[in-house]
Amino acid sequence: MLIWISIMTSYSRDNSTLILNIMTQRHDVQKYEAGRIKVLQEERLHIQKKTFTKWINSILQKARMEVVDLFEDLADGKKLHKLLEIITGEKLPKPNKGSLRLHKLENVNKSLAFLHTKVRLESIGAEDIVDGIPTLVLGLIWTIILRFQIQEIEIDVDEESESSEKKSAKDALLLWVQRKTHGYSGVNINDFSGSWRSGLGFNALIHAHRPELFDYKNWHQTRT
């Protein structure tokens, strides 16, 4: 009897150790995945900032203006004001020359009010731009690019087909993203605004091109 008790105790102890090791390994994997995702998100933010800054400067050079830090240089509203005037060919109300926060808010509000007549803006306020909130500044510039640059372009969805349907570059880009992210759990891309808020779409797109960077399935499970 004592022998059986000893065997069962030893088995139970070994089994507990095995379970503990498995749980520790799983935690380490999840921690690694979370860290990797954070690095990828920071890289994505840096690339977007660099790309959008170059695009803005390609427009602002016509007015002999330049953006050095995207998150700081749009804060007073003056360069955003000029960007919209150049890209649309329309005149906006003159910006306030003051340097106080209330003057900055006034200038940015003028630009946002103009944009509201052209495109739907969601969850972006003057305070966000004045405070240089990275994701919202990038979101604003991306909205401007979509509306005044990409949307005006027409391309063939299938260049090899003579009967190919013509779509705007915006619609074609959306279709491409939908194809790339099809089948990814939790991802349903229907637009370039709300569909991206969870971050799942961005990471699915990254994984579709660089699957060796991280395990999407494991990462998604840690979020649910």
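Residues numbered from 1 in each chain as written. Predicted model: local features only at pLDDT ≥ 70, side-chain atom pairs only at ≥ 80, totals over all residues. Heavy atoms only, no water.

Engineer: Whenever I open this one, the overall build of the chain confuses me. Can you help?
Structural biologist: Scanning the chain from N- to C-terminus turns up 9 helices and 2 strands. For the chain, the succession of helices and strands along the chain, N to C, is α-α-α-α-α-α-β-β-α-α-α. Pairs at least 24 apart in sequence give 44% of the contacts found in the chain among residues at least 6 apart. If you sum the accessible surface of the chain, you get close to 14,400 Å²; carbon and sulfur atoms cover 53% of it. (Helix = DSSP H or I, 4+ residues; strand = E, 2+ residues; numbered from the N terminus. Contact = heavy atoms within 4.5 Å. Areas by Shrake-Rupley, 256 points an atom, 1.4 Å probe, with all protein chains shown as cover.)

Engineer: Would you explain helix H6 (residues 134-148) in this entry?
Structural biologist: Residues three or four positions apart in an α-helix share a direction because the helix packs 3.6 residues into each turn. Taking 1.5 Å per residue as the helical rise, H6 with its 15 residues ought to reach 21 Å, and the 21 Å between its terminal C-alpha atoms agrees with that figure. Every buried residue of H6 is accounted for by Val137, Leu138, Leu140, Ile141, Thr143, Ile144, Ile145, Leu146 and Phe148. (Expected span 1.5 Å × (residues − 1). Buried < 20%, exposed > 50% of the residue type's maximum accessible area, 1.4 Å probe, protein only.)

Engineer: Looking at this model, I keep getting lost on unusual backbone geometry. Mind explaining?
Structural biologist: Apart from glycine, the bulk of residues carry a negative phi angle, and the bulk of peptide bonds sit in the trans form. The residue arginine 64 is not glycine, and still its phi comes out positive at about 55 degrees. If you trace the backbone, arginine 64 turns up in the loop between helix H1 (2-60) and helix H2 (70-73). A relative accessible area of 81% places arginine 64 in the exposed class.

Engineer: Whenever I open this one, the side chain of serine 111 confuses me. Can you help?
Structural biologist: Tracing the backbone through its elements, the reader meets serine 111 in helix H4 (residues 101-116). Exposure remark for serine 111: the relative accessible area of 0% places this residue in the buried category. Leaving out residues up to four positions away in the same chain, serine 111 has contacts with Gly77, Leu80, His81, Leu84 and Leu92.

Engineer: In this structure, what is going on with the nonpolar core? I would like to understand it.
Structural biologist: Where a protein is soluble and globular, its nonpolar side chains tend to be buried together. Counting residues in hydrophobic clusters, the biggest one holds 32 residues, and the most contacted among them are Trp55, Ile56, Leu70, Leu115, Leu140, Ile141 and Ile144. If you list the elements that add at least two residues to this core, you get H1, H2, helix H3 (78-88), H4, helix H5 (126-130) and H6. Here this core gets 7 residues from one element, more than from any other, and that element is H6. When neighbours within four sequence positions are excluded, tryptophan 55 is seen to be in contact with Leu83, Ile87, Ile141, Ile144, Ile145 and Gln149. With 16 residues, the next largest nonpolar core counts Val177, Trp196, Leu200 and Ala204 among its residues. (Core = buried A, V, L, I, M, F, W, Y, C linked by side-chain atoms within 4.5 Å.)

Engineer: Mind showing me how you'd approach the packing of H3 against H4 here?
Structural biologist: Two quantities define a packed helix pair, namely the angle between the helix axes and the distance between the axes. Two elements in contact, H3 and H4, have axes separated by 8 Å at closest approach and are oriented at 30 degrees. Comparing the axis directions of H3 and H4 gives the class roughly parallel. Between H3 and H4 the crossing geometry is left-handed. Two secondary-structure elements touch here, H3 through Lys78, Leu80, His81, Leu84 and Thr88 and H4 through Asn107, Ser111, Phe114 and Leu115. (Axes fitted to C-alpha atoms, helices over the stretch in contact; angles between N-to-C directions. Parallel < 35°, antiparallel > 145°, perpendicular 65-115°, else oblique. Left-handed = near helix turned anticlockwise from the far one by under 90°.)

Engineer: Just to check I follow, could you spell out the packing of aromatic side chains for this structure?
Structural biologist: How two aromatic rings sit relative to each other is given by the distance of their centres and the angle of their planes. Applying the stated criterion to the full structure yields 3 aromatic pairs. Measuring from centroid to centroid gives 6.3 Å for phenylalanine 52 and tryptophan 142, while their planes differ by 5 degrees, and the two rings are stacked. With phenylalanine 52 in helix H1 and tryptophan 142 in helix H6, this residue pair connects regions lying 90 residues apart in the sequence. A relative accessible area of 7% places phenylalanine 52 in the buried class. For the pair tryptophan 196 and phenylalanine 202, a centre-to-centre distance of 4.7 Å together with 50 degrees between the ring planes defines the contact as tilted. Tryptophan 196 gets classed as buried once you look at its relative accessible area, which sits at 11%. (Phe/Tyr/Trp six-rings, centres within 6.5 Å; stacked < 30°, edge-to-face > 60°.)

By themselves, these figures tell us nothing about what the structure is for.
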